[in-house]
Amino acid sequence: MDSAHSHGQHHNRTDLAAAAQARLVSVGEQWTPLRSTVFQALAEFDRPVSAYDVTDAVSAASGRRVAANSVYRILDLFVANNVASRVESANAFIANAHPDCPHDCIFLVCDRCGRATHVDDDRITGDVRAAATAAGFTPVRPVIEVRGVCASCA
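Rules of the game
Residues numbered from 1 in each chain as written. Predicted model: local features only at pLDDT ≥ 70, side-chain atom pairs only at ≥ 80, totals over all residues. Heavy atoms only, no water. Helix = DSSP H or I, 4+ residues; strand = E, 2+ residues; numbered from the N terminus. Buried < 20%, exposed > 50% of the residue type's maximum accessible area, 1.4 Å probe, protein only. Contact = heavy atoms within 4.5 Å. Areas by Shrake-Rupley, 256 points an atom, 1.4 Å probe, with all protein chains shown as cover. Lys, Arg positive; Asp, Glu negative; His and termini not counted. Charge placed at Lys NZ, Arg CZ, Asp CG, Glu CD. Salt bridge = Lys/Arg side-chain N within 4 Å of Asp/Glu carboxyl O. Expected span 1.5 Å × (residues − 1). Arc of directions from axis to C-beta. Core = buried A, V, L, I, M, F, W, Y, C linked by side-chain atoms within 4.5 Å.

## Section: the overall build of the protein
Right, on to step 1. A tally of regular secondary structure across the protein gives five helices and six strands.
Right, on to step 2. The helix and strand sequence of the protein, counted from the amino end, reads β-α-α-α-α-β-β-β-β-α-β.
Right, on to step 3. Its C-alpha atoms give the protein principal-axis dimensions of roughly 50 × 40 × 30 Å.
Right, on to step 4. Within the protein, the proportion of its 154 residues that are buried is 39%.
Right, on to step 5. A sequence separation of at least 24 residues applies to 52% of the contacts in the protein between residues at least 6 apart.
Right, on to step 6. Of the accessible surface of the protein, which amounts to about 8400 Å², a share of 52% is contributed by carbon and sulfur atoms.
Right, on to step 7. Placing the 14 positive and 17 negative side-chain charges of the protein at their respective mean positions leaves the two points 7 Å apart.

What follows is the structure, given as C-alpha cells:
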C-alpha cells in the first residue's frame, strides 16, 4: 500500500459534526452547544479561515456577539484533538474532514483561491519526525505546508 494518500470529503456535514463530536467525547471532552456551533461554523467554510471569521459566523448564527477568546480556546481544543487543523502559514483553521484519522497532514495551500488540500504521507512525516528526534528534539506535531497554485486555479 502506498504511504501517501489524499482525503476527499468522507463525511457530509451532519456526519462530519457527528464524527467530530465522537472524537471529542472519546478523549473525555464534552460536546457543548457552543463547541457544536463553532464546529458547524468552521465546517461551512471551504477554505482555511481565521478565528475572527469563525467568531463572526458564530455570532451571526447565534444572534449575539460571541467573544473571540472563547472561539480561540475551542479552536485550540479542536486542533489538539484532531477535530480541526491549523494552517500555520495562513494563521487559519479548517475542519478536519476525518477526525478519526491520526495522520500528520501535509497541506497544499493555494495562493490564488486560498483553499487548502491535505495529503497524508506517513513516510515523509515519519522522516521529519525522525530528523527532529536525531537532532535531540522531541517532535509533537510536524507542520508541513506547500504554497502554490491548485489545479483549479492553474
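Anyway, onward from the coordinates.
## With respect to the pattern of salt bridges
Right, on to step 1. Using the criterion set out here, one finds eight salt bridges in the structure.
Right, on to step 2. Its salt-bridge partner being R147, residue D111 comes within 2.6 Å of it at the nearest N-O pair. Placement of D111 in the loop between β4 (105–110) and β5 (116–121) and of R147 in strand β6 (residues 144–148) is noted, with a sequence separation of 36 residues between them.
Right, on to step 3. Given the relative accessible area of 41%, R147 is considered partly exposed.
Right, on to step 4. Each member of the salt-bridge network shares a partner with another, and the members are R86, E88 and R141.

## A look at helix α3 (residues 51–62)
For an α-helix the count is 3.6 residues per turn, leaving residues at separations of three or four pointing the same way.
Right, on to step 1. With twelve residues, α3 should cover 16 Å at 1.5 Å per step; its first-to-last C-alpha distance of 16 Å lies within 8% of that length.
Right, on to step 2. Residues of α3 that are buried include every one of A51, V54, T55, V58 and S59, and no others. One side of α3 holds all its buried residues, which, seen down the axis, span an arc of 135°. What points out from α3, more than 90 degrees from its buried face, is the exposed set A60 and A61.
Right, on to step 3. On its buried face, α3 is in contact with α2 (33–44), α4 (68–80) and β3 (92–95).
Right, on to step 4. Where α3 ends, the next residue or the one after it, G63, has phi of about 75°, a positive value.

## Digging into the nonpolar core
Right, on to step 1. Among the nonpolar cores identified, the biggest contains 25 residues, and V38, F39, L42, V54, L75 and F78 are the most heavily contacted of them.
Right, on to step 2. Tallying contributions element by element places α4 first for this core, with six residues.
Right, on to step 3. If we skip the residues at most four places from it in the chain, L75 touches V38, L42, A51, V54 and F93.
Right, on to step 4. Of all hydrophobic cores here, the second largest spans six residues; its members include V87, I94, C105 and F107.

## Things to note about the environment of T55
Right, on to step 1. Looking at where T55 falls in the secondary structure, it is placed in helix α3.
Right, on to step 2. Residue classification places T55 among the buried positions, given a relative accessible area of 0%.
Right, on to step 3. Once residues lying within four places of it in the same chain are set aside, the contact partners of T55 are R65, V66, A67, A68 and V71.

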